[in-house]
Amino acid sequence: MQSFKQGVFDGLCGYYSIINAIHYIKSLRTKRAEKLLLTLVNHKPRLFNHRYTEGTYFDDVISLINIIKKEKGLTRLQYNTPFEDDYFDCIEEYVACLNEQLYGLGKIAIISIGSPWHHWTVVPKVDLNKERIEIFDSFYERKYLSFDELALKRKRDKLEINTDETIILTIR
């Protein structure tokens with residue numbers, strides 16, 4: 001028997017991905033992370049129940065990032081969505097471009113996995129030599145996903161990456 005994990009009953013991976021991205025770069029204390037989560041939950045509280053049960057969509061994550069960047073110590077947080085209008089031929093092309101976007105201090109990605117279920121995860125690094133991405137995730141206990149496990153379209157036994165829902169955060 002295994003314990004239940006975030007994401008089994010709730011759709012809060014979008015919330016967790018924002019806080020985990022900040023935590024990875026700024027090493028948040030638990031109390032600070034709780035305060036940030038409370039700020040996000042209290043933003044449009046009527047929507048929270050829907051997000052909790054149905055999940056957090058791209059526009060929701062962007063909206064929540066805009067709320068969190070008003071917080072003390074995070075006013076210099078910036079984001080961009082570099083692949084919103086791009087098309088990639090293969091996963092290797094996407095991860096190479098993602099690697100370029102992550103170059104520099106204080107950069108981290110929040111990416112959308114579309115299949116087998118919708119999930120947001122944090123990608124701090126791409127390792128082109130070992131053909132894997134590092135993840136800092138609220139659901140997966142693993143630290144890496146190999147390129148072979150990823151796909152741009154729904155495929156059996158693969159994680160589908162929604163490349164147009166890639167968010168690059170820059171935190172200084």
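For the structure itself, look to the data block above.
Not measured: the values here are computed from a predicted model.

A. Structural view of the nonpolar core. Core analysis: the largest hydrophobic core is formed by 29 residues, its most contacted members being I18, I22, I68, I167 and L169. With 7 residues, the top contributor of residues to this core is helix α4 (residues 58-68). L98, L145, I161 and I168 belong to the second-largest nonpolar core, a separate cluster that totals 22 residues.

B. A look at the packing of aromatic side chains. Tallied over the entire structure, the rule returns 9 aromatic pairs. Centroid distance Y24 to F136: 5.1 Å. Interplanar angle 70°. Geometry classified as edge-to-face. Pair noted here: Y24 is in helix α1 (residues 13-26) and F136 is in the loop between β5 (132-134) and β6 (144-146), with a separation of 112 residues, a long-range link. Owing to a relative accessible area of 27%, F136 belongs among the partly exposed residues under this scheme. Centre to centre, the rings of F139 and Y140 are 5.5 Å apart; their planes meet at 80°, and the pair counts as edge-to-face. Of the residues examined, Y140 reaches a relative accessible area of 14% and is grouped as buried. Taken together, the aromatic side chains of Y15, F48 and Y52 make up a single cluster linked through ring pairs. One residue, R132, lies across the ring of Y144, its end atom 3.5 Å from the ring centre.

C. Summary view of the environment of D148. With respect to the helices and strands, D148 occurs in the loop between β6 and β7 (150-151). Relative accessible area serves as the criterion here: at 56%, D148 is assigned to the exposed category. Distance from D148 to E165, taken between C-alpha atoms, is 20 Å for residues 17 residues apart in sequence.

D. The arrangement of the environment of L47 in detail. As for its placement among the helices and strands, L47 is situated in helix α3 (residues 45-54). Residues L47 and D60 lie 13 residues apart in sequence; the distance between their C-alpha atoms is 9.6 Å.

Cut-offs used in this document
- Residues numbered from 1 in each chain as written.
- Predicted model: local features only at pLDDT ≥ 70, side-chain atom pairs only at ≥ 80, totals over all residues.
- Heavy atoms only, no water.
- Core = buried A, V, L, I, M, F, W, Y, C linked by side-chain atoms within 4.5 Å.
- Buried < 20%, exposed > 50% of the residue type's maximum accessible area, 1.4 Å probe, protein only.
- Helix = DSSP H or I, 4+ residues; strand = E, 2+ residues; numbered from the N terminus.
- Phe/Tyr/Trp six-rings, centres within 6.5 Å; stacked < 30°, edge-to-face > 60°.
- Lys NZ or Arg CZ within 6 Å of the ring centre and 35° of its normal.

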